[in-house]
Amino acid sequence: MGRVKALLLENIHPLAVSLLQDSGIEVQSHAGALDEDELIAALDGVDLLGIRSKTEVTERVLQTATQLQAIGAFCIGTNQVALKAAAERGVVVFNAPFSNTRSVVELVIGEIIAMARRLTEKDGDLHAGTWNKDATGSHEIRGRSIGIVGYGNIGSQLSVVAEMLGLRVFFYDTEDKLALGNAHRCESLEELLQVAEVVTLHVDGRSGNAGFFGAEQFGRMRPRALFLNLSRGFVVDYDALREGLLSGHIAGAAVDVFPTEPKVKGERFVSPLQGIPNVILTPHVGGSTQEAQEDIGRFVATKLRDFVQRGTTTLNVNLPTLTLEARPGGHRVTHLHVNMPGVLAKVNSILAAHGVNIEGQMLSTLGDNGYVITDVNDIPRAVVDELAALPETIRLRVI
């Protein structure tokens, strides 16, 4: 195999570029996102793809990118990638599920305080030349109740920080999650909406969450409650939120994600929430701190590097997870295959028939896929050809 080539889109942190280049990988960077046709053209001859949230890797893209081996999502979510189609073609997908957690949590806390004190309105008045020193509508957050919808990495850490600031924490999650500190688990979303004076969404990007928070849910919220969405834009009906704000039922909102977002910096943005008092709109910057982006760049680039150099798939999201300690010398064969009985026996029979000694081997399976890493002292070309010709083989690499 020739030199590995990587394409990094959407201003991925320079640390990722350095890590990959130092590993001998050729890196091409692009500042913005690419649409489907642009991405198909750009992936010609590319082995590794790095994206953030705006580039969609569709099934059509994967069908044409025959050389693509791995995708690094330099963000939390992977809903922008056709994961099943990627797995079927042997393309492993990595993400960064933890790196920007603290950044998002701090933004949530800052926005809650800003809305409770109506800071954006005070700021706007002073910039317009109006001195409006008035405590009306301004509140402390201590002793208030916060309802966290989605108790994953971000939701659970927010729970801890919010409690430290004196908030009473309630949460709801479709999965059974351990409550941290004094947080109270609600049995339903409706229960949470009845008690929470602040409602913040931290759900994932699965398609089933589309539009799940709309007019009915806003109507069930407590009068004059605050609302935040820093999860996914498509989970909320923003027209319904606008009505709740204009009617006064919702006292304030902070929104960081939108159903349709500009692909490049400086592009025009339009939302039904623009121009409404005590509404904070931010351009999907929940994880956009220098600290978070550097850590994401390091984390995902390291996963891509280890996959290229050792076949390691630890913490990927769509294929079997496997790591085998590297051995000096020899060769490593990685074999991704259809998960059927007897495949490992076939692999080892081919190796044995050619007198190849196995020095280390490990197998892992996930759903329809099996993945085996085998360390050998030598690997004749005939062995490679026979392994590739197995009907169950999806992708074969010799490292």
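The model shown is predicted, which means the values in this text are computed figures rather than measured ones.

Looking at this model, I keep getting lost on the packing of helix H1 (residues 14-22) against helix H11 (residues 290-310). Mind explaining?
Two quantities define a packed helix pair, namely the angle between the helix axes and the distance between the axes. It is at 7 Å that the axes of H1 and H11 come closest, and there the two elements cross at 25°. Here H1 lies roughly parallel to H11, going by the angle between them. Between H1 and H11 lies a crossing of right-handed hand. The segment H1 lies against H11, with Leu-15, Ala-16, Leu-19 and Leu-20 engaging Glu-294, Gly-297, Arg-298, Ala-301, Thr-302, Leu-304 and Arg-305. Here the contact of H1 with H11 is composed, by residue class, of six nonpolar, two polar and three charged.

Mind showing me how you'd approach the sheet that holds strand S10 (residues 225-229) here?
The pairing of strands in a sheet comes from backbone hydrogen bonds and takes either a parallel or an antiparallel form. Reading across from one edge, S8-S7-S6-S9-S10-S11-S12 is the order of the seven strands in this open sheet, with parallel pairing throughout. Looking along the sheet, the strands with just one partner apiece sit at the ends: strand S8 (184-185) and strand S12 (279-281). Sheet topology places strand S6 (residues 145-149) next to strand S7 (residues 168-172); five bridges connect them, and they run parallel. Looking at the pairing, Ser-145 lines up with Arg-168 of S7. Lying over the sheet, helix H5 (residues 101-116) contacts S6, strand S9 (198-201), S10, strand S11 (250-255) and S12, oriented at roughly 150° with respect to S10. Here helix H10 (residues 238-247) sits on the sheet in contact with S10, S11 and S12, set at roughly 145° to S11.

Looking at this model, I keep getting lost on the sheet that holds strand S13 (residues 331-338). Mind explaining?
Ordered in space as S14-S15-S13-S16, the four strands form an open sheet in which the pairing is antiparallel. Looking at strand neighbours, the two that pair on one side only are strand S14 (358-366) and strand S16 (393-398), the edges of this open sheet. If you compare each strand with its neighbour and ignore which way they point, the axes differ by 10° on average. Note: S13 against strand S15 (residues 369-376), eight bridges, orientation antiparallel. Counterpart to His-337 in the pairing with S15 is Gly-370. Along the sheet, helix H12 (residues 343-353) makes contact with S13, S14 and S15, crossing S14 at roughly 160°.

I tried to follow H11 on my own but got confused; where do I start?
Since the α-helix packs 3.6 residues into each turn, any two residues three or four apart lie on the same face. The end-to-end C-alpha separation of H11 is 30 Å, in line with the 30 Å expected for 21 residues at 1.5 Å each. Residue Gly-311 follows H11 closely and has a positive phi angle near 80°.

Reading the values: rules and limits
- Residues numbered from 1 in each chain as written.
- Predicted model: local features only at pLDDT ≥ 70, side-chain atom pairs only at ≥ 80, totals over all residues.
- Heavy atoms only, no water.
- Axes fitted to C-alpha atoms, helices over the stretch in contact; angles between N-to-C directions.
- Helix = DSSP H or I, 4+ residues; strand = E, 2+ residues; numbered from the N terminus.
- Parallel < 35°, antiparallel > 145°, perpendicular 65-115°, else oblique.
- Left-handed = near helix turned anticlockwise from the far one by under 90°.
- Contact = heavy atoms within 4.5 Å.
- Nonpolar A, V, L, I, M, F, W, Y, C, P; charged D, E, K, R; others polar.
- Pairing = 2+ DSSP bridges.
- Expected span 1.5 Å × (residues − 1).

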